[in-house]
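This is what each chain is made of:
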Amino acid sequence: MTPNGAFTVGLVLIAMSLTNPGPRGSAILIALALAFAIIEVRGAALVALRRAALIVLPLALFMGLLWVGIVGKAPAEIAAGAAGTRAAALIYVARLCGRLLFIVAVVQLVIMRFDALTPLQLIRALALPVAAKRVLVITLSLIATLRHAIDRAHIALIAAGTLTRAASLRNAVHSWRLIQAVWLSAVTIMLGRMRDKWPVENTLSLLDRSLETGSARLFAGDDRIWLPITVGAAIMALIADRIGAS
Amino acid sequence: MFTTPRLILIALGAALNFSIGTVVYLLKLPIYLDSIGTILAALLLAPDRRAAFVCAWAAAWASLALSGLVNPFLPWFAMTDVAIALVTALLTVGAAATFRAHPLRSSSFAAQVVLCGVATGVVSAVVSLPVVVYLFGGVTGSGSAFLVALFLESGQRLMNAAMLSGLVNDPLDKVLQVLLAAMLYRVTPGDFIALLRG
């Protein structure tokens, strides 16, 4: 399966989950996602699901505290001007978090499907213009650069006595200096790369050459099985609950 | 339009949006701070408004693509990012000379920051409203949901509560973001800016 095929399957699943499907439609989408997890992702699917749970769990706790604990009503009850119950609020938050868990899990499954690829290889395989691929690669590289810049600026400001290691009022007052130092550090690093390092090493043309996919086809291999199944499942998910209702 | 330095700027803006926005989201603060890179990208390309809009928009969407892995709410606000990029290019870019003036003219600087921040915030609140209300029923995972809950508790309807929350929260958030972007713009080395505009 190609990354283009996997991302298309993921996008269709996410789009369908946003159409607010009923129980049958939801079951079809979950079954398709599970089939993708078992057949394509295999053992790594557990890692993807654990990551999705770790992302959504704090969100669920926050929303539970806010909407069940503080507001105590579901939005529909508020809109209708009804008295409202905490049980209805809990159901609403559970549904919303379930949908978010599904979306995050699908994203993680698609990413885990290509866990063996480096970010550069994954981006290279995507059907995007070379300029967009270049921006994505440089952005990922810059996030790592920013992390290093944060570490260096943080240590330097602690050594200078501007910030402290533990949480303190001094840190709150001078946090701006950290942001400024990180930005200047990142800009200086990028200036150095653009002016000296990249031209000498011919980095950008080498990057462009490595990002070009040449005559590679948009979809190939198992995409030809997964894409019709996904489109069929999407249509089924759209009509399944209507058939049940009529 | 997309010269190498500008592609770098887009990536820098995206990385800045992602880094600060993710920290704020995980801390559940009642602000966002996820567009500083977008605003800064536009300011660095002043006075070319078209380049400022396109590069700010690209930075915003590149960071959305990455932030969606951490914050599942964020990708649905893609149109808000377009609106922020547009207002920044049309309004905030006009204040670039004031933001970079040496010595700093504090009253003029403050007035421009507040004006640009409030305008960006109001537009952002209005564009985000349909997503907040119709897609998530007023329930989002950010700290600003506290404000929605507060307004609902005071007897407001959902639409009004989400709108009021946006109108209270977004202008404050955007004033802070314009202030941070303007201050970063002030300290950015001139040769980097010349490279971007050249």
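The shown structure was predicted, so the numbers you read here are calculated from the model rather than taken from an experiment. (Residues numbered from 1 in each chain as written. Chains lettered and ligands numbered in written order. Predicted model: local features only at pLDDT ≥ 70, side-chain atom pairs only at ≥ 80, totals over all residues.)

Trainee: Please give an account of the overall build of chain B that cites residues and values.
Mentor: Helix and strand content of chain B: nine helices and zero strands. Reading chain B from its N end, one meets helices and strands in the order α-α-α-α-α-α-α-α-α. Taking 198 residues into account, the globule formula puts the C-alpha radius of gyration at 16 Å, and chain B, at 17 Å, falls close to it. Structurally, chain B occupies a C-alpha span of about 55 × 40 × 25 Å along its principal axes. By the burial criterion, 57% of the 198 residues in chain B qualify as buried. Partitioning the intrachain contacts of chain B with sequence separation of at least 6 by distance along the chain shows that 71% fall at a separation of at least 24. (Helix = DSSP H or I, 4+ residues; strand = E, 2+ residues; numbered from the N terminus. Rg over C-alpha atoms; globule rule 2.2 N^0.38 Å. Buried ≥ 20, exposed ≤ 12 C-beta atoms within 10 Å, placed from the backbone. Contact = placed C-beta atoms within 7 Å.)

Trainee: Residue-level account of the overall build of chain A, with values.
Mentor: Of the regular secondary structure elements, chain A holds 10 helices and zero strands. Taking 18 Å as the expected radius of gyration for a compact globule of 246 residues, we find that chain A reaches 24 Å, considerably beyond that expectation. Seen along its three principal axes, the alpha-carbon backbone of chain A occupies a region of about 70 × 55 × 30 Å. The proportion of buried residues among the 246 residues of chain A is 33%.

Trainee: Go over the domain arrangement of chain A with me, naming the residues and quoting the values.
Mentor: By convention, interface size is frequently given as the accessible area that disappears when the constituent parts associate. By the assigned domains, chain A splits into domain 1 (3-118 + 217-245) and domain 2 (130-211). Just the C-alpha atoms count here: the centres of domain 1 of chain A and domain 2 of chain A sit 35 Å apart. (Domains from an automatic or database assignment.)

Trainee: Mind laying out the interface of chain B and chain A, listing which residues take part and the relevant values?
Mentor: Each partner contributes residues to the interface: chain B has 39 residues there, and chain A has 36 residues. Listing elements by their share of the side of chain B that touches chain A, those giving two or more residues are helix 1 (4-27), helix 3 (49-67), helix 7 (145-153), helix 8 (158-187) and helix 9 (190-197) of chain B. Ranked by the residues each element gives to the side of chain B that touches chain A, the list is headed by helix 1 of chain B, at 11 residues. Looking at the side of chain B that touches chain A residue by residue, the class counts come to 28 nonpolar, seven polar and four charged. (Nonpolar A, V, L, I, M, F, W, Y, C, P; charged D, E, K, R; others polar.)

Trainee: So what about the nonpolar core? Which residues, and what values?
Mentor: Ranked by size, the top nonpolar core spans 72 residues in total, and within it Ala42(B), Leu43(B), Cys55(B) and Ala56(B) carry the most contacts. Ranked by residue count, the leading element in this core is helix 3 of chain B, at 13 residues. The residues contacting Cys55(B), other than those within four sequence positions of it, are Arg6(B), Leu9(B), Ile10(B), Ala41(B) and Leu45(B). In terms of nonpolar packing, the next biggest core, distinct from the first, is built from 58 residues, Tyr92(A), Leu100(A), Ile111(A) and Ala161(B) among them. (Core = buried A, V, L, I, M, F, W, Y, C linked by C-beta atoms within 7 Å.)

Trainee: Now, about the packing of helix 2 (residues 36-44) of chain B against helix 8 of chain B: what can you tell me, with residues and values included?
Mentor: Residues and elements named next belong to chain B. Put simply, helix 2 and helix 8 touch, their axes get as near as 9 Å, and they point 45° apart. Relative to helix 8, helix 2 is oriented oblique. Handedness of the crossing formed by helix 2 with helix 8: right-handed. Contact with helix 2, carried on its side by Ile36, Ile39, Leu40, Leu43 and Leu44, involves Gln177, Val178, Leu180, Ala181, Leu184 and Tyr185 of helix 8 and no other residues of that element. (Axes fitted to C-alpha atoms, helices over the stretch in contact; angles between N-to-C directions. Parallel < 35°, antiparallel > 145°, perpendicular 65-115°, else oblique. Left-handed = near helix turned anticlockwise from the far one by under 90°.)

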